[in-house]
Amino acid sequence: MNCTDSRSRLHAYLDQELDLPGVLAIDEHLASCEACKTIFVQHFALQSGIRKHAVYYTAPDTLKERIRGMIGRSVTATPANGVKPRWQQPRFQRFQLGAAVAATALLSWIAAIQYNTAPEAELLAEQVIASHARSMLTTRLADVSTSDEHTVKPWLSSKLDFSPPVTDLTRAGFPLVGGRLDYLDNRPVAALVYGHSQHVINLFVWPDRGSGRSLPMQSMSKHGYNVLHWINGGMAFWAISDLNATEMKTFAEAYAGAK
Amino acid sequence: MALTRVLAHVSVPGAKPGQQHRSEDQGEALNLDERARVRRFEEVFVVHLDAAYDYAHWLTRDERNAEDVVQEACLRAFKFLDSFHGERGRAWLLAIVRNTYYTWLKRNKAEALSVSFDEETMLANGCELADLESTGTSVDQVLHQQDARRLINGALDQLPEEFREVIVLRELEDMSYKEIAAIAKIPLGTVMSRLARARKLLLQHLQRAQQES
């Protein structure tokens with residue numbers, strides 16, 4: 001990489017919008033180019049200065065209350081124009097029981113697993129979300145694009161110091177799109193890419209730091225993404241996508257059950 | 001500020017012309033139960049009120065106007081809640097805040113400062129990357145000074161609006177390039193070039209401050 005290339009990617013680098021090979025290429029260049037390094041350092045200082053010192057104006061409580069009040073009033077002021085409430089409509093009644101049962105099951109599932117979310121896991125979840133978002137931005141979603149698990153697995157194993165479990169889940173409705181290398185939790189990790197209609201699921205896998213612990217499935221919802229995390233067989237798994245929580249659970253169960 | 005009159009013209013992301021009428025025809029299918037809508041609004045948008053207010057404050061640079069803009073933006077967001085399909089609520093609300101602000105600005109042109117800005121002039125006046133390299137002045141020192149807070153906020157304040165807003169969205173609201181592009185309705189390439197120029201201007205400003213002190 002030359003100076004022109006490195007400087008043209010300065011901002012994408014600073015804003016974590018580059019993929020892993022892009023980041024590594026810049027790092028390599030900066031290690032040997034003082035001129036570029038000076039510029040990068042200036043920009044880093046500026047960025048952290050802004051984040052540290054710029055005023056973040058928080059909404060006054062009176063404004064929050066006023067908005068809540070206005071929204072509440074707008075509801076009572078607009079009754080449903082003669083349309084029967086939904087629970088009195090026959091179509092709703094048919095689904096009512098099933099939906100209620102499903103909702104209760106989902107809620108208790110989420111409640112049961114959201115208890116033990118450690119701060120460490122929270123931080124990692126942020127990283128996972130950032131990686132997922134970045135992978136969606138670039139054209140390089142997969143390094144190996146194939147639904148053949150027998151191609152993806154050996155490829156990942158050859159690049160990593162572990163061998164992630166790879167299964168095509170086409171029959172469950174989640175076809176394998178391919179595999180990619182990524183960097184999380186301060187180490188290179190495997191990213192398995194699955195599709196579901198127009199949605200993309202990234203499943204990050206790497207050896208767990210703890211010794212022999214396992215962790216039942218935990219769910220988090222952040223920034224509009226649903227994240228599932230579990231530890232099994234010495235591997236940490238993080239699944240993320242913009243699918244809803246139920247679909248994510250179906251995916252994770254299909255993946256975990258396939259092995 | 002007569003915002004309410006203005007709002008009929010505010011566009012909302014995801015709400016295409018005509019969509020609103022269609023949703024009324026198919027009210028049964030598309031409209032959620034009203035109480036569920038309020039609950040959804042709380043979950044999706046009210047949690048981002050601080051972000052909305054911060055962005056509005058940096059746009060309007062005035063408490064009172066920021067409150068007005070946020071309040072009206074929330075009403076718009078609530079009205080168009082049904083066309084929100086689970087994207088990031090924060091980015092969606094910020095886009096509405098921005099639309100509301102610009103509609104308000106158009107109506108209050110006489111009182112508002114001129115925000116017209118020529119990017120070409122900017123290009124001609126903007127320093128090249130080499131300039132930063134050659135000055136050799138480190139902003140590090142500026143940022144470690146006791147009045148770093150005043151300097152940084154002063155530098156942000158003097159930025160032309162187009163540049164200030166991308167910096168605020170990026171550094172304070174932690175929006176991705178894609179989200180900034182959607183909020184400010186500019187191409188990804190423009191997001192990047194504006195961020196680059198904004199940072200260049202900020203660095204120049206801080207270096208000048210450094211030399212003066």
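Residues numbered from 1 in each chain as written. Chains lettered and ligands numbered in written order. Predicted model: local features only at pLDDT ≥ 70, side-chain atom pairs only at ≥ 80, totals over all residues.

1. Notes on the overall build of chain A
Consideration 1: Of the regular secondary structure elements, chain A holds 9 helices and 6 strands.
Consideration 2: For chain A, with 259 residues in total, the buried portion stands at 28%. (Helix = DSSP H or I, 4+ residues; strand = E, 2+ residues; numbered from the N terminus. Buried ≥ 20, exposed ≤ 12 C-beta atoms within 10 Å, placed from the backbone.)

2. Quick word on the environment of V152(A)
Residue and element names in this part refer to chain A.
Consideration 1: Here V152 lies in helix α8 (residues 149-159).
Consideration 2: V152 sits in the buried class, given 27 other C-beta atoms within 10 Å.
Consideration 3: In sequence terms V152 and L176 are 24 residues apart; their C-alpha atoms lie 9.4 Å from each other.
Consideration 4: Those residues in contact with V152, other than ones at most four positions away along the chain, are V144, T146, V166, L176, G178 and G179. (Contact = placed C-beta atoms within 7 Å.)

3. As for helix α13 (residues 177-184) of chain B
Residues and elements named next belong to chain B.
Consideration 1: Every buried residue of α13 is accounted for by Y177, E179, I180, A182 and I183.
Consideration 2: Tucked inside the fold, the buried residues of α13 contact α7 (89-107), α12 (161-172) and α14 (188-212).
Consideration 3: Downstream of α13 by a residue or two, K185 has a phi angle that is positive, lying close to 55°.

4. Remarks on the nonpolar core
Consideration 1: One finds A52(B), A56(B), V70(B) and V97(B) to be the most contacted residues of the largest nonpolar core, which totals 65 residues.
Consideration 2: Core analysis: the next-biggest nonpolar cluster, separate from the first, contains 35 residues, L169(A), F174(A), V193(A) and W238(A) among them. (Core = buried A, V, L, I, M, F, W, Y, C linked by C-beta atoms within 7 Å.)

5. A short note on the interface of chain B and chain A
Put simply, an interface is often sized by how much accessible area is lost when its parts join up.
Consideration 1: Each partner contributes to the interface: chain B provides 45 residues, whereas chain A provides 40 residues.
Consideration 2: Residue classes in the side of chain B that touches chain A are distributed as 23 nonpolar, 7 polar and 15 charged. (Nonpolar A, V, L, I, M, F, W, Y, C, P; charged D, E, K, R; others polar.)

6. Some words on unusual backbone geometry
All names here are of chain A.
Consideration 1: Even without glycine at this site, Q16 takes up a positive phi of about 55°.
Consideration 2: Its place among the elements puts Q16 in the loop between α2 (10-14) and α3 (20-32).
Consideration 3: Residue classification places Q16 among the exposed residues on the basis of 12 C-beta atoms within 10 Å.
Consideration 4: The backbone of N186 sits at a positive phi, close to 60°, despite the residue not being glycine.
Consideration 5: Overall, the presence of 8 C-beta atoms within 10 Å leaves N186 in the exposed class.

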